[in-house]
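# What the coordinates show
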Amino acid sequence: AAIIDFKHVNKYYGKFHALKDINLSIEEGQVVSIIGPSGSGKSTLIRTMNGLERINSGTLMVTGYDLADKHTDLNKIRKNVGMVFQHFNLYDNHTVLENITLAPKIVLHRPEKENHDIAMDLLKKVGLEEKANMYPRQLSGGQKQRVAIARSLAMRPKAILFDEPTSALDPEMIQDVLDVMKYVADQGITMVVVTHEMGFAREVGDRLIFFDQGRILEDAKPEEFFEHP
Ligand code: ADP
Ligand code: ADP
């Protein structure tokens with residue numbers, strides 16, 4: 001079943017036509033990579049998927065909720081669909097552990113001990129158990145991004161959207177983050193990833209979408225894509 005389903009979606013910024021007649025259906029558990037030139041609308045496309053940007057026409061269903069309907073409670077979608085940003089967006093005044101426990105506590109009312117145990121387990125999975133009581137400013141970019149992914153996973157989402165998750169990182173930190181993203185893929189979580197990392201797209205992705213000037217130009221299996229003349 002489709003977890004994310006665009007039908008004839010258009011998005012404008014004023015008069016600028018940012019998304020042009022998008023038809024895109026993403027199945028549960030798929031890992032979809034999106035590539036394309038800067039300014040082509042990749043970020044806009046994924047930001048519509050959790051309501052960070054509103055669409056102007058067409059239909060967009062995400063985890064059963066209608067994003068074209070202004071009355072849809074976006075918090076319900078955001079419980080199901082996490083987001084990982086280029087610049088991490090961690091809470092600077094909270095420890096690493098608190099960054100992970102905060103939303104499950106407030107939004108899901110997860111009991112304290114369970115919440116703590118899940119967070120520590122996730123920190124272990126991303127290799128940062130010993131950083132639990134540090135603050136984001138004490139971490140490298142790559143470590144911050146791994147915390148951001150752990151924070152997203154703590155909500156037990158159905159899908160996670162990644163907006164250039166490695167683009168702000170020093171080259172030597174990229175692989176650790178990609179390894180954590182591969183771990184996310186192995187959990188069967190649906191992933192939509194705007195990225196320049198062709199290795200990830202090829203090895204982990206099920207689909208590769210080439211985006212240009214607000215349109216999907218190509219949507220294929222990575223192996224077919226790389227064979228194209
Ligand atoms: P990409 O992620 O492919 O670099 P974006 O989705 O960020 O592209 O942007 C697509 C186009 O929409 C760009 O021309 C950008 O300047 C424009 N744009 C993005 N966000 C806004 C906004 N909030 N207001 C006006 N124009 C925007
Ligand atoms: P990033 O470096 O994370 O891709 P951008 O510089 O593309 O960020 O955009 C930062 C923010 O500014 C985003 O929220 C985006 O929607 C907005 N934005 C991008 N282009 C424009 C634009 N032409 N006019 C207004 N807002 C924009």
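Read on for a plain summary of the structure. (Residues numbered from 1 in each chain as written. Chains lettered and ligands numbered in written order. Predicted model: local features only at pLDDT ≥ 70, side-chain atom pairs only at ≥ 80, totals over all residues. Heavy atoms only, no water.)

### Side note on the overall build of the protein
Applied cut-off: Runs of H or I in DSSP of at least four residues are treated as helices and runs of E of at least two as strands, each being numbered from the N terminus. Throughout, the radius of gyration refers to the C-alpha atoms, and the reference size of a globule is 2.2 Å times the residue count to the power 0.38. We call two residues in contact whenever any of their non-hydrogen atoms come within 4.5 Å of each other. Using the Shrake-Rupley algorithm and a 1.4 Å probe, accessible areas are obtained, with residue cover drawn only from the displayed protein chains.
Along the backbone of the protein there are 8 helices and 10 strands. For the protein, whose C-alpha radius of gyration is 17 Å, the value lies close to the compact-globule estimate of 17 Å for 229 residues. By its C-alpha atoms, the protein is 45 × 45 × 35 Å across when sized along the principal axes. Partitioning the intrachain contacts of the protein with sequence separation of at least 6 by distance along the chain shows that 66% fall at a separation of at least 24. Total accessible area on the protein is roughly 11,200 Å²; 47% of this is exposed by carbon and sulfur atoms.

### Some words on the packing of helix α3 (residues 96–108) against helix α5 (residues 141–154)
Stated formally: Lines fitted to C-alpha atoms define the axes here, with helix axes fitted over just the stretch in contact, and angles between the N-to-C directions of these axes take values from 0 to 180 degrees. Angle categories are assigned with fixed cut-offs, so that under 35 degrees is roughly parallel, over 145 is roughly antiparallel, 65 to 115 is roughly perpendicular, and the rest are oblique. Note on convention: the crossing is left-handed when the near helix lies turned anticlockwise from the far helix by less than a right angle, right-handed when the turn is clockwise.
It is the contact of α3 with α5, at a shortest axis distance of 8 Å, that shows an interaxial angle of 25 degrees. By the angle between their directions, the pair α3 and α5 is classed as roughly parallel. Classified by chirality, the crossing of α5 by α3 is right-handed. Judged by residue contacts, Val96, Asn99, Ile100 and Pro104 of α3 engage Val147, Ala150, Arg151 and Ala154 from α5.

### Digging into the pairing of strand β8 (residues 190–194)
For clarity, the threshold we go by: For each residue, the accessible area found with a 1.4 Å probe, counting protein chains only, is set against the maximum for its type, and the residue is called buried under 20%, exposed over 50%, and partly exposed in between. Strand pairing follows a simple DSSP-based rule, namely that at least 2 bridges must link the two strands. Here the term right-handed applies to a crossover when the path leading from its first strand over the helix to its second strand runs clockwise, the strands being oriented away from the viewer.
Of all 5 residues in β8, 5 are buried, a share of seventy percent or more. Where strand β7 (residues 159–163) and β8 come together, 5 bridges link them in parallel fashion. Counterpart to Ile160 in the pairing with β8 is Met191. Between the parallel pair β7 and β8, the chain is carried across by helix α6 (residues 171–186), and the sense of this crossover is right-handed.

### Observations concerning the pairing of strand β2 (residues 16–27)
Relative to β2, strand β1 (residues 2–13) runs antiparallel, the two being bridged by 8 bridges. Following the sheet pairing, Asp5 is matched in β2 by Ser25. In textbook terms, the turn of a hairpin is the stretch between consecutive antiparallel strands, and for β1 and β2 this stretch comprises 2 residues, one of which, Gly14, has a positive phi near 60 degrees.

### Quick word on α3
Basically, it comes down to this: Given the number of residues in a helix, its expected span is that number minus one, multiplied by 1.5 Å. In this scheme, the bend at a residue equals the angle between the axes fitted to the seven residues that finish there and the seven that begin there.
The terminal C-alpha atoms of α3, which comprises 13 residues, lie 19 Å apart, in line with the 18 Å expected from a rise of 1.5 Å per residue. Of all bends in α3, the biggest is about 25 degrees, found at Leu102, and the proline Pro104 comes one to four residues later.

### Comments concerning the packing of aromatic side chains
Our working definition: What counts as a ring pair is set by centres within 6.5 Å for rings of Phe, Tyr and Trp (its six-membered ring), and what kind of pair is set by the plane angle: stacked under 30 degrees, edge-to-face over 60, tilted for all other angles. Over a ring means this: the NZ of a Lys or the CZ of an Arg is within 6 Å of the ring centre and within 35 degrees of the ring normal.
One pass over the full model with this rule turns up 0 aromatic pairs. Here the basic side chain of Arg151 rests over the ring of Tyr91, its NZ or CZ set 4.9 Å away from the ring centre.

### Let's talk about the nonpolar core
For clarity, the threshold we go by: What we call a nonpolar core is a set of buried Ala, Val, Leu, Ile, Met, Phe, Trp, Tyr and Cys residues that are connected through their side-chain atoms within 4.5 Å.
Of all hydrophobic cores here, the largest spans 38 residues; its most connected members are Leu123, Ile149, Phe162, Met181, Met191 and Phe200. At the level of secondary structure, the elements contributing two or more residues to this core comprise α3, α4 (112–125), α5, β7, α6 and β8. When residues of this core are assigned to their parent elements, the largest contribution, 8 residues, is made by α6. When sequence neighbours within four positions are dropped, the list of residues in contact with Met191 reads Gln30, Val31, Val32, Ile160, Phe162, Met181, Val184, Ala185 and Phe200.

### A look at the packing of α5 against α6
The criterion, for reference: In the scheme used here, Gly and all other residues not listed as nonpolar or charged are polar, with Ala, Val, Leu, Ile, Met, Phe, Trp, Tyr, Cys and Pro taken as nonpolar and Asp, Glu, Lys and Arg as charged.
In the contact formed by α5 and α6, the axes pass within 8 Å of each other and the chain directions differ by 15 degrees. Here α5 lies roughly parallel to α6, going by the angle between them. The handedness of the crossing between α5 and α6 comes out as right-handed. On α6, the residues that touch Gly141, Gly142, Gln145, Arg146, Ile149 and Leu153 of α5 are Met173, Asp176, Val177, Val180, Met181, Tyr183 and Val184. In terms of residue class, the contact of α5 with α6 is built from 8 nonpolar, 3 polar and 2 charged.

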